[in-house]
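# Structural description and commentary
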Amino acid sequence: MAIKDKTLKLCSCNRTIALDAQALASALKTGTPLPIHTELCRKQAGQFQAALGDESLLVGCTQEAPLFGELAEAAGSKAELRFVNIREMAGWSAEGRQATPKIAALLAAAALPEPEPVPNVEYKSAGQVLVIGPAVAALEWARRLAGVLTPNVLITNAMGGELPPERSFPVWSGKPLRVAGWLGAFEVEWLQENPIDLDVCTRCNKCIDVCPENAIDFSYQIDLGKCKAHRQCVAACGEIGAVDFSRAERARKESFDLVLDLSVEPLLRVPDLPQGYLAPGTDPLEQALAAAKLTRLVGEFEKPRFFVYRERICAHARSGIEGCNRCLEVCSTGAIRADGDHVRVEPHLCAGCGGCATVCPSGAMTYAYPRVSDIGMRLKTLLSTYREAGGTDACLVFHNTESGREAVQAVGRKAVRGGKGLPARAIPFEVFHVASIGLDMLLGAICYGASQVVVVSTKESAHYVAALREQMALGEVILNALGFDGSHFFLFEGEALEKELWALKPATGVPKTATFNLSPEKRTTLDFELDHLASNASQKVEEIKLPAGAPFGALLVNKQTCTLCKACIGACPESALLDAADAPRLRFIERNCVQCGLCAETCPEDAIQLVPRLLFGPQAKEAVTLNEAEPFHCVRCGKPFGTRQMVDSMLGKLGAHSMFAGEGALRRLQMCGDCRVVDMMENRAEATIFDFKK
């Protein structure tokens, strides 16, 4: 639904926002000036209620969204409600009176349709929680959680703890070996180290009574530092068999829905822990917050399947030879693992950051929710509305939906008593996770008219800082080489955001904005963007040298050592290397190459070298010949097969081998496959398998 079909409810928040009704109406093409309220959430709430009969409402306030939602529910309204923040994000600023283009842009982007739905990933949790940690803390939290969850305890240190008088939940002891899984499907393995198995022990206290060293207390675990190996506890336990110093089977394994890990260091060592696994450490407050969160993780849950993976163009490996590992290295949850020549993604572990799609050079891994095309449409709408409303030098500020949003809003909220808020040209753009902002998104923003792009880094994105900086550095090299002066891409910490934004000097953008839409095909999007930037560049450039690891480049082939065996063609997942039907020839399309290195690693002669660069013009998309050779013709039928260099090399290496002794065997190496078989059948002088009796 277009914004002209929506009912806009704008409020100046007690006249603290300078809203120009005529200018906004002109920018949004609504036809008539927009009504501006001053106290929509208080005295003028009736005017909001009066509009609830309309089909769709867009409210320029997020602070009172719960209140407006309650009013709509009380009225039984079926109107679609949307909310957008124009106060902290635009109006509350030292340049608030110049923020009309930004306000118009935010409203236009908020009016766009929601992204198309994607398949969901489902979780089911029955509330079976395993509490891992020292006896005192683990048993106490298990007791507290028993009313809401079904607790289980794995004691890692029994010192100072006592088992409860009632066996109301399972208690084990041991050394944790492995924790894996996700909400509703965790698997925990541990090693039973203590001679007393708490799962078997009846807590009859006989072992405590007979132990001469008092090495056993009411934790029903043996202090092996005190134990002198009298084994009286073994005899006292008798047929129960809970005490066993020579236990052969010590490995244990169980499944749980949730895990509360009270270890000093989390047992799971990944930057982003899976849902349902909480590791608050030893701080009592953090433990209480984690326990409260666990109580809400019972039932059925779902989330979008954030990624699409196309293994056909994945450059991870071929024939066991590794090429690109970028997605494995950047994934913060361990959701991606190698799977032969491809990779496998566990959707239950995927946190939706999009980092894998950002670093993927081929586009085999794609961010699916929201799709790149959806984000591109928001970018295009936002920047075009801003420009048409008179805005200049737009600076996009990408931030996530949690702490990034808070950081940006905090800048606007503090636009009093010395604060300046956001500059009028700084346009906030919310994404689920900033790790999804890759080269295609950065260059796309510039093509659509942005002067600069800022990414707000918070604790959620700390793991991805290096990858984001690499993408920005590559984009900057390309833009500067094309003559777009200034610095275009920045990664800012949330704490110093206001100061850094106001210190930015606008960079040179494109004189003519792009009209194309961003494609789900990453390389297609980059092709459009690079061509647009080149056509709008202040200076004509045919080639840009890029840093090592860049996803664009050429190949340098040593013609002296290359035998045109064409193993590199079979290894290339991107169809950058091609055969020729009429002659032994190695051809190459440079724009298809992602510099994964599989061809160089596969080449038996080490004849291929990667050359990172960006080539412009028709030659980048046309097949060029890297090497060609004289064909070798079969000495029997005359049909060409292979190259003379390859056959000569083969004869030189095998000529002295005993299996090829004699002129006939060597001559057979110079025949095509068909003639070789015929020659073997015709040559009766040579021994065959039938000449040897059983």
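Below or above, wherever it landed, is the structure these notes cover. As the structure is a prediction and not an experimental result, all values here were calculated from the model. (Residues numbered from 1 in each chain as written. Predicted model: local features only at pLDDT ≥ 70, side-chain atom pairs only at ≥ 80, totals over all residues. Heavy atoms only, no water.)

Here we take up the overall build of the protein. On a plain count of helices and strands, the protein comes out with 22 helices and 32 strands. Compactness check: the protein gives a C-alpha radius of gyration of 34 Å against a globular reference of 26 Å for 694 residues, more than 25% above the reference. The dimensions of the protein, computed from C-alpha atoms along their principal axes, are 105 × 90 × 45 Å. Counting only residues that meet the buried cut, the protein has 50% of its 694 residues in that class. Look at the contacts in the protein between residues 6 or more apart in sequence, and 69% of them connect residues 24 or more apart. Carbon and sulfur atoms make up 51% of the accessible area of the protein, which totals about 33,300 Å². Averaging the locations of the 74 positively and 82 negatively charged side chains of the protein gives two centres separated by 3 Å. (Helix = DSSP H or I, 4+ residues; strand = E, 2+ residues; numbered from the N terminus. Rg over C-alpha atoms; globule rule 2.2 N^0.38 Å. Buried < 20%, exposed > 50% of the residue type's maximum accessible area, 1.4 Å probe, protein only. Contact = heavy atoms within 4.5 Å. Areas by Shrake-Rupley, 256 points an atom, 1.4 Å probe, with all protein chains shown as cover. Lys, Arg positive; Asp, Glu negative; His and termini not counted. Charge placed at Lys NZ, Arg CZ, Asp CG, Glu CD.)

We now examine helix H15 (residues 465-481). With 17 residues, H15 extends 24 Å from end C-alpha to end C-alpha; this agrees with the ideal 24 Å at 1.5 Å per step. Among the residues making up H15, those that are buried are Val465, Ala467, Leu468, Gln471, Met472, Leu474, Gly475, Glu476, Ile478 and Leu479. Trailing H15 by a residue or two, Gly483 shows a phi angle of about 95 degrees, which is positive. (Expected span 1.5 Å × (residues − 1).)

Structurally, the position occupied by Lys102 is in helix H5 (residues 100-110). No salt bridge is formed by the buried Lys102. Its closest oppositely charged neighbour is Glu95, at 7.5 Å. Of the polar contacts made by the side chain of Lys102, one reaches the backbone oxygen of Met89; its length is 2.8 Å. Not counting residues within four places of it along the chain, the set of residues in contact with Lys102 comprises Met89, Ala90, Tyr386, Leu422, Pro423, Ala424, Ala426, Ile427 and Pro428. (Salt bridge = Lys/Arg side-chain N within 4 Å of Asp/Glu carboxyl O. Polar contact = N/O pair within 3.5 Å; in protein donor to acceptor, adjacent residues only side chain to side chain.)

Interaxial distance between helix H14 (residues 439-447) and helix H17 (residues 522-535) falls to 10 Å at its minimum, and their mutual angle equals 35 degrees. For the pair H14 and H17, the sense of crossing is left-handed. Between H14 and H17, the residues in contact are Leu439, Asp440, Leu443, Gly444, Ile446 and Cys447 and Lys522, Thr525, Leu526, Glu529, Leu530, His532 and Leu533, respectively. Among the residues making up the contact of H14 with H17, the classes are represented as seven nonpolar, three polar and three charged. (Axes fitted to C-alpha atoms, helices over the stretch in contact; angles between N-to-C directions. Left-handed = near helix turned anticlockwise from the far one by under 90°. Nonpolar A, V, L, I, M, F, W, Y, C, P; charged D, E, K, R; others polar.)

Once that is clear, we can look at the packing of aromatic side chains. Scanning the entire structure with this criterion turns up 12 aromatic pairs. When the ring centre of Trp141 is taken as origin, the NZ or CZ atom of Arg144, which lies over that ring, is 5.0 Å away. Against the face of Phe429 rests Arg378, its NZ or CZ located 4.1 Å from the ring centre. (Phe/Tyr/Trp six-rings, centres within 6.5 Å; stacked < 30°, edge-to-face > 60°. Lys NZ or Arg CZ within 6 Å of the ring centre and 35° of its normal.)

Let's shift gears to the pattern of salt bridges. Applying the stated criterion across every chain, the model contains 27 salt bridges. In this structure, the salt-bridge partner of Arg144 is Glu140, at a minimum N-O distance of 2.9 Å. Note that Arg144 and Glu140 are positioned in helix H6 (residues 135-145) at a spacing of four residues, about one turn of the helix. A salt bridge links Asp527 to Arg591; its shortest N-O distance comes to 3.0 Å. In this pair, Asp527 is assigned in helix H17 and Arg591 in the loop between strand S28 (585-589) and helix H19 (598-602), connecting sequence segments 64 residues apart. The exposure class assigned to Arg591 is buried, which follows from its relative accessible area of 5%. Each member of the salt-bridge network shares a partner with another, and the members are Lys6, Glu80, Arg82 and Glu114.

With that out of the way, let us pick up helix H3 (residues 65-74). The set of residues buried in H3 consists of Ala65, Phe68, Leu71 and Ala72. Projected down its long axis, H3 carries its buried residues within an arc of 125 degrees, all on one side. Across H3 from its buried face, at more than 90 degrees, point the exposed residues Pro66, Glu70, Glu73 and Ala74. On its buried face, H3 is in contact with helix H2 (45-50), strand S3 (56-59) and strand S4 (80-83). (Arc of directions from axis to C-beta.)

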